[in-house]
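Secondary and tertiary structure notes
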Amino acid sequence: MTIRDAQQIVLASGNPGKIREIQAILKNQTIIAQSQFNVPEAEETGTTFVENAIIKARNAAEFCKMPAIADDSGIVVDALGGAPGVISARYAGVGASDSENLEKLLNDLQNVPEEQKTARFICVMVFLQHANDPFPIIAQGVWEGQILPAPVGENGFGYDPVFFVPGYNCASAQLSPEVKNSISHRGKALKQLTALMENIFKTAI
Ligand code: ITT
(Lines give C-alpha, C1' and ligand atoms only; values in the text may rest on other atoms or scores of the structure.)
Protein backbone atom coordinates (compact mmCIF):
# COMPACT_ATOMS: atom_id res chain seq x y z
CA MET A 1 0.00 0.00 0.00
CA THR A 2 1.17 3.53 -0.63
CA ILE A 3 0.39 6.80 1.10
CA ARG A 4 1.73 8.84 -1.83
CA ASP A 5 -1.82 9.94 -2.68
CA ALA A 6 -2.24 10.95 0.92
CA GLN A 7 0.18 13.88 0.85
CA GLN A 8 -2.88 15.97 1.56
CA ILE A 9 -5.27 14.73 4.19
CA VAL A 10 -8.53 16.39 5.10
CA LEU A 11 -9.14 16.70 8.83
CA ALA A 12 -12.80 15.93 9.39
CA SER A 13 -13.39 18.25 12.32
CA GLY A 14 -14.99 21.63 12.80
CA ASN A 15 -13.68 21.99 16.37
CA PRO A 16 -10.84 24.57 16.45
CA GLY A 17 -9.47 23.18 19.75
CA LYS A 18 -9.08 19.70 18.29
CA ILE A 19 -7.69 21.01 14.99
CA ARG A 20 -4.97 22.96 16.84
CA GLU A 21 -3.91 19.91 18.84
CA ILE A 22 -3.95 17.51 15.88
CA GLN A 23 -2.03 19.86 13.58
CA ALA A 24 0.63 20.39 16.29
CA ILE A 25 1.31 16.63 16.36
CA LEU A 26 0.98 15.85 12.63
CA LYS A 27 3.15 18.80 11.61
CA ASN A 28 4.97 16.89 8.87
CA GLN A 29 1.76 16.10 6.99
CA THR A 30 -0.38 18.47 4.97
CA ILE A 31 -3.49 18.32 7.09
CA ILE A 32 -6.23 20.62 5.86
CA ALA A 33 -9.23 21.36 8.07
CA GLN A 34 -12.54 20.47 6.42
CA SER A 35 -13.78 24.05 6.85
CA GLN A 36 -11.38 25.02 4.03
CA PHE A 37 -13.44 22.86 1.66
CA ASN A 38 -16.84 23.81 3.08
CA VAL A 39 -17.56 20.18 3.94
CA PRO A 40 -21.15 19.89 5.23
CA GLU A 41 -21.26 18.59 8.79
CA ALA A 42 -21.98 14.87 9.13
CA GLU A 43 -24.80 13.72 11.39
CA GLU A 44 -23.23 11.82 14.28
CA THR A 45 -25.76 9.01 14.51
CA GLY A 46 -23.48 6.36 16.05
CA THR A 47 -23.73 5.13 19.61
CA THR A 48 -19.97 4.63 19.89
CA PHE A 49 -16.95 6.88 19.34
CA VAL A 50 -15.62 4.59 16.64
CA GLU A 51 -18.87 4.66 14.62
CA ASN A 52 -18.98 8.45 14.75
CA ALA A 53 -15.32 8.82 13.82
CA ILE A 54 -15.88 6.65 10.72
CA ILE A 55 -19.05 8.60 9.79
CA LYS A 56 -17.12 11.91 9.98
CA ALA A 57 -14.05 10.64 8.09
CA ARG A 58 -16.22 9.10 5.33
CA ASN A 59 -18.25 12.29 4.97
CA ALA A 60 -15.12 14.43 4.49
CA ALA A 61 -13.37 11.89 2.23
CA GLU A 62 -16.47 11.64 0.03
CA PHE A 63 -16.91 15.40 -0.27
CA CYS A 64 -13.22 16.23 -0.85
CA LYS A 65 -12.26 13.06 -2.79
CA MET A 66 -9.26 12.88 -0.48
CA PRO A 67 -7.95 10.73 2.36
CA ALA A 68 -9.39 11.82 5.69
CA ILE A 69 -8.66 11.73 9.40
CA ALA A 70 -11.45 12.15 11.95
CA ASP A 71 -11.49 12.39 15.73
CA ASP A 72 -14.48 11.45 17.82
CA SER A 73 -13.92 12.14 21.47
CA GLY A 74 -15.62 12.98 24.70
CA ILE A 75 -15.65 12.67 28.44
CA VAL A 76 -17.02 9.67 30.31
CA VAL A 77 -18.03 10.15 33.96
CA ASP A 78 -18.48 7.04 36.11
CA ALA A 79 -21.05 8.55 38.50
CA LEU A 80 -23.24 9.45 35.49
CA GLY A 81 -23.18 5.94 34.00
CA GLY A 82 -20.71 7.03 31.30
CA ALA A 83 -22.43 10.29 30.30
CA PRO A 84 -21.86 12.65 28.54
CA GLY A 85 -19.90 10.16 26.35
CA VAL A 86 -20.58 10.46 22.63
CA ILE A 87 -22.85 13.47 23.19
CA SER A 88 -20.16 15.47 25.05
CA ALA A 89 -20.25 18.28 22.45
CA ARG A 90 -24.03 18.69 22.81
CA TYR A 91 -24.59 17.63 26.44
CA ALA A 92 -26.55 20.78 27.28
CA GLY A 93 -28.37 20.65 23.92
CA VAL A 94 -27.58 20.98 20.22
CA GLY A 95 -25.45 24.08 19.66
CA ALA A 96 -24.53 24.37 23.34
CA SER A 97 -21.31 26.24 24.18
CA ASP A 98 -18.39 24.69 26.07
CA SER A 99 -19.33 26.63 29.20
CA GLU A 100 -23.00 25.53 29.01
CA ASN A 101 -21.89 21.90 28.70
CA LEU A 102 -19.54 22.01 31.64
CA GLU A 103 -22.07 23.93 33.72
CA LYS A 104 -24.56 21.11 33.13
CA LEU A 105 -21.92 18.54 34.05
CA LEU A 106 -21.10 20.31 37.33
CA ASN A 107 -24.81 20.62 38.07
CA ASP A 108 -25.40 16.90 37.47
CA LEU A 109 -22.57 16.09 39.87
CA GLN A 110 -23.42 18.48 42.68
CA ASN A 111 -24.60 15.76 45.07
CA VAL A 112 -21.83 13.31 44.22
CA PRO A 113 -18.96 12.97 46.73
CA GLU A 114 -15.59 14.21 45.37
CA GLU A 115 -13.95 10.76 45.49
CA GLN A 116 -16.70 9.38 43.25
CA LYS A 117 -16.15 11.91 40.45
CA THR A 118 -13.77 9.71 38.48
CA ALA A 119 -13.81 10.32 34.73
CA ARG A 120 -11.81 9.84 31.56
CA PHE A 121 -11.38 11.51 28.21
CA ILE A 122 -11.67 9.12 25.25
CA CYS A 123 -10.46 9.75 21.72
CA VAL A 124 -10.91 7.55 18.66
CA MET A 125 -8.99 8.59 15.56
CA VAL A 126 -9.76 7.10 12.16
CA PHE A 127 -7.89 7.32 8.85
CA LEU A 128 -9.68 6.47 5.60
CA GLN A 129 -7.87 6.48 2.25
CA HIS A 130 -11.15 7.20 0.48
CA ALA A 131 -14.86 7.22 1.25
CA ASN A 132 -15.32 3.53 0.40
CA ASP A 133 -12.15 2.34 2.11
CA PRO A 134 -13.09 -1.05 3.61
CA PHE A 135 -10.07 -1.02 5.94
CA PRO A 136 -10.20 2.04 8.21
CA ILE A 137 -7.13 2.52 10.38
CA ILE A 138 -8.42 2.98 13.92
CA ALA A 139 -6.60 4.16 17.04
CA GLN A 140 -7.78 5.07 20.48
CA GLY A 141 -6.51 6.89 23.53
CA VAL A 142 -7.77 7.17 27.10
CA TRP A 143 -6.85 9.80 29.72
CA GLU A 144 -7.88 9.12 33.33
CA GLY A 145 -8.79 11.91 35.72
CA GLN A 146 -11.48 13.37 37.93
CA ILE A 147 -14.10 16.12 37.66
CA LEU A 148 -13.26 19.22 39.69
CA PRO A 149 -15.90 21.10 41.74
CA ALA A 150 -15.44 24.30 39.66
CA PRO A 151 -13.72 25.34 36.41
CA VAL A 152 -10.10 26.52 36.53
CA GLY A 153 -7.50 27.46 33.86
CA GLU A 154 -7.54 29.17 30.49
CA ASN A 155 -5.94 26.67 28.08
CA GLY A 156 -7.47 23.97 25.93
CA PHE A 157 -11.20 23.78 25.19
CA GLY A 158 -14.36 21.90 26.13
CA TYR A 159 -14.20 20.21 29.53
CA ASP A 160 -10.49 21.00 30.13
CA PRO A 161 -11.27 23.51 32.96
CA VAL A 162 -13.06 20.83 35.03
CA PHE A 163 -10.75 17.86 34.31
CA PHE A 164 -8.29 17.22 37.13
CA VAL A 165 -5.07 15.58 35.97
CA PRO A 166 -3.52 13.34 38.64
CA GLY A 167 0.27 13.52 38.58
CA TYR A 168 0.21 17.15 37.51
CA ASN A 169 -2.14 18.21 40.32
CA CYS A 170 -3.96 20.72 38.17
CA ALA A 171 -6.77 21.02 35.63
CA SER A 172 -6.16 20.06 32.04
CA ALA A 173 -6.85 23.73 31.17
CA GLN A 174 -3.78 24.68 33.25
CA LEU A 175 -1.42 22.51 31.19
CA SER A 176 0.59 23.96 28.31
CA PRO A 177 -0.54 22.72 24.87
CA GLU A 178 2.70 20.69 24.59
CA VAL A 179 2.24 18.92 27.92
CA LYS A 180 -1.44 18.26 27.23
CA ASN A 181 -0.63 16.71 23.85
CA SER A 182 2.09 14.54 25.39
CA ILE A 183 -0.30 12.88 27.87
CA SER A 184 -3.83 13.36 26.55
CA HIS A 185 -6.30 10.91 25.02
CA ARG A 186 -5.84 12.70 21.67
CA GLY A 187 -2.04 12.65 21.88
CA LYS A 188 -2.08 8.92 22.65
CA ALA A 189 -4.56 8.12 19.86
CA LEU A 190 -2.53 10.12 17.33
CA LYS A 191 0.72 8.42 18.35
CA GLN A 192 -0.98 5.06 17.88
CA LEU A 193 -2.57 6.12 14.57
CA THR A 194 0.72 7.30 13.06
CA ALA A 195 2.49 4.11 14.20
CA LEU A 196 -0.23 1.99 12.54
CA MET A 197 -0.07 4.09 9.36
CA GLU A 198 3.72 3.89 9.21
CA ASN A 199 3.53 0.13 9.56
CA ILE A 200 0.88 -0.21 6.83
CA PHE A 201 2.28 2.35 4.39
CA LYS A 202 5.97 1.68 5.16
CA THR A 203 6.75 5.38 5.24
CA ALA A 204 7.29 7.98 7.96
CA ILE A 205 4.19 9.93 8.87
P1 ITT B 1 -16.09 17.65 15.33
O2 ITT B 1 -17.12 16.56 15.39
O3 ITT B 1 -16.35 18.63 14.26
O4 ITT B 1 -14.70 17.12 15.37
P5 ITT B 1 -17.07 18.18 17.99
O6 ITT B 1 -16.66 19.13 19.08
O7 ITT B 1 -18.54 18.08 17.66
O8 ITT B 1 -16.22 18.53 16.70
P9 ITT B 1 -17.09 15.50 19.08
O10 ITT B 1 -18.46 15.14 18.63
O11 ITT B 1 -16.01 14.45 18.97
O12 ITT B 1 -16.50 16.76 18.33
O13 ITT B 1 -17.21 15.96 20.59
C14 ITT B 1 -16.10 16.09 21.37
C15 ITT B 1 -16.44 16.91 22.61
O16 ITT B 1 -15.83 16.29 23.75
C17 ITT B 1 -15.83 18.30 22.51
O18 ITT B 1 -16.72 19.21 21.94
C19 ITT B 1 -15.51 18.60 23.97
O20 ITT B 1 -16.65 19.06 24.62
C21 ITT B 1 -15.15 17.23 24.52
N22 ITT B 1 -13.70 16.99 24.41
C23 ITT B 1 -13.06 16.11 23.58
N24 ITT B 1 -11.74 16.20 23.71
C25 ITT B 1 -11.52 17.17 24.63
C26 ITT B 1 -10.36 17.73 25.18
O27 ITT B 1 -9.15 17.38 24.78
N28 ITT B 1 -10.51 18.69 26.09
C29 ITT B 1 -11.72 19.09 26.50
N30 ITT B 1 -12.88 18.63 26.02
C31 ITT B 1 -12.79 17.66 25.09
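So, here is what we can say about the structure in this document. (Residues numbered from 1 in each chain as written. Predicted model: local features only at pLDDT ≥ 70, side-chain atom pairs only at ≥ 80, totals over all residues. Heavy atoms only, no water.)

1. Some thoughts on the sheet that holds strand 1 (residues 8-11)
The strand order across the open sheet formed by seven strands is 2-1-3-4-5-6-7, and the pairing between neighbours is mixed. Of all strands in the sheet, those with a lone pairing partner are strand 2 (30-33) and strand 7 (170-171), marking the two edges. Sheet analysis places strand 1 next to strand 2, joined by four bridges and oriented parallel. Counterpart to valine 10 in the pairing with strand 2 is isoleucine 32. Against the sheet, helix 1 (residues 16-25) engages strand 1, strand 2, strand 3 (68-77) and strand 4 (118-128), with an angle of about 120 degrees to strand 3. Contacts from helix 5 (residues 185-201) reach strand 3, strand 4 and strand 5 (137-147) within the one sheet, and its direction differs from that of strand 5 by about 165 degrees. (Pairing = 2+ DSSP bridges. Helix = DSSP H or I, 4+ residues; strand = E, 2+ residues; numbered from the N terminus. Contact = heavy atoms within 4.5 Å. Axes fitted to C-alpha atoms, helices over the stretch in contact; angles between N-to-C directions.)

2. With respect to the packing of aromatic side chains
This model, assessed by the stated rule, comprises four aromatic pairs. Plain terms: the ring middles of phenylalanine 127 and phenylalanine 201 are 5.8 Å apart, the flat faces sit at 80 degrees to each other, and that makes the pair edge-to-face. Here phenylalanine 127, found in strand 4, pairs with phenylalanine 201, found in helix 5; they are 74 residues apart in sequence, far enough to count as distant. The burial state of phenylalanine 127 is the same as that of phenylalanine 201; both residues are buried. On the basis of an interplanar angle of 55 degrees and a centroid distance of 5.0 Å, the ring pair of tryptophan 143 and phenylalanine 163 is categorised as tilted. (Phe/Tyr/Trp six-rings, centres within 6.5 Å; stacked < 30°, edge-to-face > 60°. Buried < 20%, exposed > 50% of the residue type's maximum accessible area, 1.4 Å probe, protein only.)

3. Thoughts on the pattern of salt bridges
Two side chains with opposite charge may pair up if their charged atoms get near one another. With the rule as written, the count across this model stands at 12 salt bridges. Ionic pairing is found between lysine 18 and aspartate 71, a salt bridge with its closest N-O pair at 3.0 Å. Of this pair, lysine 18 sits in helix 1 while aspartate 71 is found in strand 3, placing the two residues 53 residues apart along the sequence. Exposure class is identical for lysine 18 and aspartate 71. Each is buried. Where arginine 120 meets glutamate 144, a salt bridge forms, and the shortest distance between an N and an O atom there is 3.0 Å. Note that arginine 120 is positioned in strand 4 and glutamate 144 in strand 5, a separation of 24 residues in sequence. The network of salt bridges with shared partners includes Lys18, Glu21, Asp71, Asp160, Lys180 and Arg186. (Salt bridge = Lys/Arg side-chain N within 4 Å of Asp/Glu carboxyl O.)

The values reported here are purely geometric and, on their own, carry no functional implication.
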